[in-house]
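Listed below, chain by chain, are the residues.
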Amino acid sequence: LTDVLQFTAALIVLGGTAGAVMVSTPMSVLTGAARRLMGVLFDSAMPLDGLVEEMIDYATKARKQGLVSLEQQAMAAEDPFLRKAMNLAVDGTDIQEIRKMLELEIDLDRHHAEAEAKVFECAGGFAPTVGIIGAVLGLIQVMKNLANIDEVGHGIAVSFVATVYGVGVANLFFLPVAAKIKARVQADVRRKELIVEGVCGIVEGLNP
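Novice: Lay out the overall build of the protein with the relevant residues and their values.
Specialist: Check the secondary structure of the protein and you find seven helices and zero strands. Shown N-terminal to C-terminal, the secondary structure of the protein runs as helices and strands in the order α-α-α-α-α-α-α. Over its C-alpha atoms the protein spans a radius of gyration of 26 Å, topping by over 25% the 17 Å that the globule rule assigns to 208 residues. Counting the 208 residues in the protein, one finds 35% classified as buried. Once local pairs closer than 6 in sequence are excluded, the contacts in the protein between residues at least 24 apart make up 79%.

What follows is the structure in C-alpha cells.
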C-alpha cells in the first residue's frame, strides 16, 4: 500500500476526473448519481415473490368484495409505485389510462436512471486519460530535476502511480458502479411491469 499511496497522483486523477464529469454533466443528474451510490451497495427492493403474493391477495379481495374494498390496503402499500397504481384502480380510472400513465412513469424513471449511470461511465472514460496527464506531469518533474536523484525518484513514482490510479479507479469502481446501477434499473423495471400487469388484471376482474 505504501508504494501506491501518492497524494499528488490521487489529487490529479480524482480531482481531474471529478472536474471533467462536473463540466460534462448537469448538476441535477450529478446529484441523482450520488444518491444512486447507496443503491449500489444496498438493495432495498422487495422480492418479486412477495410482490406476486401481495398482488394475488389484492385480486382475491377485489373479486369477492369489489375494487373499492382495496382502498385502505392501497393507501398502506409500502411501494409508492404500487400505491399509485392501486389508487388509480380504486378511483375507477380507465384501464387504458392506468396502463398509459404507469408505463410513462416507468419510461421516465428508466431514462433518469440510465442518465445517472452514464455519469459513472463518463468518469470511467475520463479517469485513465487524466491518469496519463498525471504521468506526463510526473515525467516533466523528472526532466526538471535530473541532477537530483531524490526528485527523479519522486517524479517517476508520481507518474506511474497516477496511471495506476486512473486505470484502477475506472475499472475497479466507476465502470462496475455503472453496471450495477443498470442492473438495478432492469430489476426495478421488471418489478414495475409486474405491478402494471397485476393491477390491470385486477381491474379487468381476472381470476387471481
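Novice: I'd like a rundown of the nonpolar core, residues and numbers included.
Specialist: One broad trend across soluble globular proteins is that nonpolar side chains are buried collectively. One finds Y58, L82, M86, V199 and I202 to be the most contacted residues of the largest nonpolar core, which totals 49 residues. At the level of elements, helix 1 (7-24), helix 2 (27-41), helix 3 (48-65), helix 5 (80-90), helix 6 (95-144) and helix 7 (149-204) are the ones that each hand at least two residues to this core. Ranked by the residues each element gives to this core, the list is headed by helix 7, at 16 residues. Aside from chain neighbours lying at most four places away, what touches I202 is M55, Y58, A59, A62, L67, L70 and M86.

Novice: So what about helix 1? Which residues, and what values?
Specialist: Look at helix 1: 25 Å from first C-alpha to last across 18 residues, which is about the 26 Å you get at 1.5 Å a residue. Those residues of helix 1 lying buried are A9, A10, I12, V13, T17 and V21. Considered in projection along helix 1, the buried side chains sweep an arc of 170° and stay on one side of the axis. The exposed residues of helix 1 that point more than 90 degrees off its buried face are F7, L11, M22 and V23. Where helix 1 is buried, its residues contact helix 2, helix 6 and helix 7.

Novice: Account for the packing of helix 5 against helix 7, naming residues and giving values.
Specialist: Taken N-terminus to C-terminus, the directions of helix 5 and helix 7 make an angle of 20°; their axes are 10 Å apart at the nearest point. Considering the angle they form, helix 5 stands roughly parallel to helix 7. As helix 5 runs across helix 7, the sense of the crossing is right-handed. Contacts from F81, L82, A85, M86 and A89 in helix 5 reach K192, I195, V196, V199, I202 and V203 in helix 7. Residues that form the contact of helix 5 with helix 7 fall into these classes: 10 nonpolar, no polar and one charged.

Thresholds applied
Along every chain, residues carry numbers that run from 1 in the direction the sequence is written. Local features in a predicted model are, by the rule used here, given only for residues with pLDDT of at least 70; side-chain atom pairs are given and counted only at 80 or more, and totals for whole chains, interfaces and linings are based on all residues. Hydrogens and water molecules were not included; the side-chain quantities draw on all heavy atoms of the structure. Put simply, DSSP H or I for four residues or longer makes a helix, DSSP E for two residues or longer makes a strand, and each gets a number counted from the N terminus. The reference for a compact globule is 2.2 Å times residues^0.38; the radius of gyration itself is calculated from the C-alpha atoms. When a residue's accessible area, from a 1.4 Å probe over protein chains only, is under 20% of the maximum for its type it is buried; when over 50% it is exposed; and in between it is partly exposed. Contacts are assigned to residue pairs that have any heavy atoms within 4.5 Å of one another. The definition of a nonpolar core used throughout is a set of buried Ala, Val, Leu, Ile, Met, Phe, Trp, Tyr and Cys residues joined through side-chain atoms within 4.5 Å. Here, expected helix span is obtained from the residue count minus one, scaled by 1.5 Å. What the arc covers is the set of directions going from the helix axis to the C-beta atoms. Lines fitted to C-alpha atoms define the axes, with helix axes restricted to the stretch in contact, and inter-axis angles between N-to-C directions lie between 0 and 180 degrees. Any angle from 65 to 115 degrees is called roughly perpendicular, while one under 35 is roughly parallel, one over 145 is roughly antiparallel, and all others are oblique. Should the near helix be turned anticlockwise from the far one by less than a right angle, the crossing is termed left-handed; should it be turned clockwise, right-handed. When residues are sorted by character, Ala, Val, Leu, Ile, Met, Phe, Trp, Tyr, Cys and Pro go into the nonpolar class, Asp, Glu, Lys and Arg into the charged class, and all the rest, Gly among them, into the polar class.

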